[in-house]
Amino acid sequence: LSRLRGRLSRSQGAIGASVLGLLGAGDLDEDSWEEIEDTLVMSDLGTGATATVVERLREELAAGKVRTADDARSALRKILVEQLHPELDRSVRALPHADGPAVVLVVGVNGVGKTTTTGKLARVLVADGRRVTLGAADTFRAAAADQLQTWGERVGAGIVRGKEGADPAAVAFDAVSRGIADGVDVVLIDTAGRLHTKTGLMDELGKVKRVVEKKVPVDEVLLVLDATVGQNGLTQAKVFAEVVSLTGVVLTKLDGTAKGGIVFRIQDELGVPVKLVGLGEGADDLAPFEPEAFVDALL
Ligand code: GDP
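Residues numbered from 1 in each chain as written. Predicted model: local features only at pLDDT ≥ 70, side-chain atom pairs only at ≥ 80, totals over all residues. Heavy atoms only, no water.

Per an unreviewed UniProt entry, the recorded name for the chain is Signal recognition particle receptor FtsY, and the organism is Gordonia spumicola. The UniProt entry for the chain carries this comment under Catalytic activity (unreviewed entry): "GTP + H2O = GDP + phosphate + H(+)". (UniProt positions renumbered as here; feature names shortened; annotations may be inferred.)

What follows is the structure, encoded as C-alpha cells:
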C-alpha cells in the first residue's frame, strides 16, 4: 500500500483534496455539487461513474450520515470502492492444467507497455516458483522480440521467437508446443499491437487464439492500457474487446498520471476488471490491483 501511495503520488489528493474540502464545508449549494462533479470528471471518472458517485454522495448527506470531515472521507471512500465492484475476480489465472500449461495472451497497441508487462509478469510468476515460457508473437518489430528475450534472460524464462515478419500465430503455437514439451506451468504470449485496421487485428488476434487453443485453452487475455492516454485508451480498449474476449486489464504507467480515475471507466464501460497495475519501468513495478488501496491513494 505504501508503495502504491508513493507511486501514485501525482494522483494522490486529485480527488480527495477538493471533493473532501467541499463535503466537509457543511451544507452544499448547487455550485459546490457542480464543482464536485467537475473534479470527478477531470479525474477521468467519466460521466457515468461521476453521476453515480454524486448521486450516492447526495443520498448519504441527505440521510444525515455526513457530519464531520471524517464522515465525508469514509462516505466517499465507500462509494468509490463500490464503483470498482470488489466482487469481480481480479486474480490472474496462471495455474497449469492437467494437459498442459496455463496460457496468457498479452494484447494492446504498441507503446502501452505490453512487452514490459509480459516481462514483469514472468518475473512475478518465476518468483512464485512457476516455470515460464515466453512467446514473442510480436513479429513486426524485431526490437520487441529482443526486448522480451532480455526479460527472459533476466528473470529465468525460456523464449520462443520467430523471424521478423513471421506469422504471429505460428510463433504462439510454437511457444505453447515448447511449453508443453518442457513441462512448464505458464506460457506468456506477447502479441503484436498494430491497430491498423480492425479486421486486420481481428484476423491476427483471433488466429493466435484459435491456433493456441488447438493445444491448450487460453486462460487469460490481458489488455494492456496506458493510463496516461485517458479517453484514447478506452477507445482502443473497446476495439480489442470487440475482437477478442478479454479477461482483464493491466493499467500501466499509473506512476506517471494524475488520472487514475480511468480505472472506474474501464470497469464501467468494458465490464472487465483491472487485474494488475504498472507503477514504473522496473522489474518489480507490477502490482495486483486492489480497489481499497487504490481508492485510498486517490483520496
Ligand atoms: P509495447 O510496445 O506495448 O510492448 O511497450 P513497451 O513494453 O516497449 O513499453 C513502452 C515504454 O513504456 C518503455 O519505455 C517502458 O519502459 C515503459 N513502461 C512500461 N510500463 C510502464 C509503467 O508502468 N510505468 C512507466 N513509467 N513506464 C512504463
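Having put the structure on the table, let's press on.
Now for the overall build of the chain. When you go through the chain residue by residue, the secondary structure sums to 12 helices and 8 strands. On C-alpha atoms alone, the chain measures out to a radius of gyration of 21 Å, which is about the 19 Å that the 2.2 N^0.38 rule sets for 299 residues. C-alpha extents for the chain along the principal axes are approximately 65 × 40 × 35 Å. Considering only residue pairs separated by 6 or more positions, the chain has 76% of its internal contacts joining residues 24 or more positions apart. (Helix = DSSP H or I, 4+ residues; strand = E, 2+ residues; numbered from the N terminus. Rg over C-alpha atoms; globule rule 2.2 N^0.38 Å. Contact = heavy atoms within 4.5 Å.)

Within the fold, Thr-139 resides in the loop between β2 (132–137) and α7 (142–155). Residues Thr-139 and Val-171 lie 32 residues apart in sequence; the distance between their C-alpha atoms is 8.4 Å.

According to the stated counting rule, one finds 1 cavity of 30 Å³ or more in the structure shown. In this structure, the largest cavity spans a volume of roughly 30 Å³. Residue lining of the largest cavity: Ala-137, Pro-168, Thr-191, Ala-192, Glu-204, Leu-205 and Val-208, and that is the complete set. Residue contributions to the lining of the largest cavity peak at 3 residues, all from helix α9 (residues 198–212). The residue inventory of the lining of the largest cavity, partitioned by class, reads 5 nonpolar, 1 polar and 1 charged. (1 Å grid on protein atoms, 1.4 Å probe; cavity = no way out; pocket = protein on both sides within 12 Å on 5 of 7 lines; lining within 4 Å. Points joined across faces, edges and corners; volume = space filled by probe spheres on them. Nonpolar A, V, L, I, M, F, W, Y, C, P; charged D, E, K, R; others polar.)

This paragraph deals with the site of the ligand. Surrounding the ligand, one finds 18 residues, the nearest of these being Gly-111, Lys-114, Thr-115, Thr-116 and Glu-281. When the free accessible area of the ligand is taken as 580 Å², the share hidden by the protein chains comes to 81%. The cavity that encloses the ligand is the second largest pocket. Among the elements that line the shell around the ligand, the one with the most residues is helix α6 (residues 114–127), at 4 residues. Split into classes, the residues belonging to the shell around the ligand amount to 3 nonpolar, 9 polar and 6 charged. (Near = heavy atom within 4 Å. Areas by Shrake-Rupley, 256 points an atom, 1.4 Å probe, with all protein chains shown as cover. Sits in = over half its atoms within 2 Å of the grid points.)

Within this model, the largest pocket holds a volume of roughly 260 Å³. For the largest pocket, the lining is made up of 16 residues, of which Val-92, Leu-121, Val-124, Leu-276 and Pro-288 are closest to its centre. Residue classes in the lining of the largest pocket are distributed as 10 nonpolar, 1 polar and 5 charged. Per-element tally for the lining of the second largest pocket: the top contributor is α6, with 3 residues. Each residue belonging to the lining of the second largest pocket can be placed in one class, and the counts come to 1 nonpolar, 6 polar and 4 charged.

Here we come to the packing of aromatic side chains. The tally for this structure, following the rule as stated, stands at 2 aromatic pairs. Joined through ring pairs, the aromatic side chains of Phe-264, Phe-289 and Phe-294 make up one cluster. If you follow Arg-154 out to its NZ or CZ, it ends over the ring of Trp-151, 4.2 Å from the centre. (Phe/Tyr/Trp six-rings, centres within 6.5 Å; stacked < 30°, edge-to-face > 60°. Lys NZ or Arg CZ within 6 Å of the ring centre and 35° of its normal.)

Another point: the side chain of Asp-190. Take Asp-190: it is sitting in strand β4 (residues 186–191). Among the polar contacts listed, one links the side chain of Asp-190 to the side chain of Thr-115, at a separation of 2.8 Å. If near-sequence neighbours (up to four positions away) are discounted, Asp-190 is found in contact with Val-106, Lys-114, Thr-115, Thr-118, Gly-135, Ala-136, Ala-137, Asp-138 and Leu-148. (Polar contact = N/O pair within 3.5 Å; in protein donor to acceptor, adjacent residues only side chain to side chain.)

Right, let's get into the pairing of strand β3 (residues 158–161). Within a regular strand, side chains alternate between the sheet's two faces. The pairing of β2 with β3 spans 4 bridges and is classified as parallel. Residue pairing for β3: Ala-136 is matched across the bridge by Arg-161. Tracing the backbone out of β2, into α7 and back to the parallel element β3 gives a crossover that is right-handed. (Pairing = 2+ DSSP bridges. Right-handed = clockwise from strand over helix to strand, strands pointing away.)

Looking now at the UniProt feature "domain: SRP54-type proteins GTP-binding" (unreviewed entry) in the chain. UniProt annotation of "domain: SRP54-type proteins GTP-binding" (unreviewed entry) refers to residues 273–286 when read in the numbering used here. Counting secondary structure, residues 273–286 comes out at 0% helix and 43% strand; the distance between its end C-alpha atoms is 16 Å.

With that settled, the discussion passes to helix α5 (residues 69–83). Spanning 15 residues, α5 covers 21 Å between terminal C-alpha atoms, matching the ideal 21 Å at 1.5 Å per step. Buried within α5 we find Ala-72, Ala-75, Leu-76, Ile-79, Leu-80, Val-81 and Gln-83. (Expected span 1.5 Å × (residues − 1). Buried < 20%, exposed > 50% of the residue type's maximum accessible area, 1.4 Å probe, protein only.)

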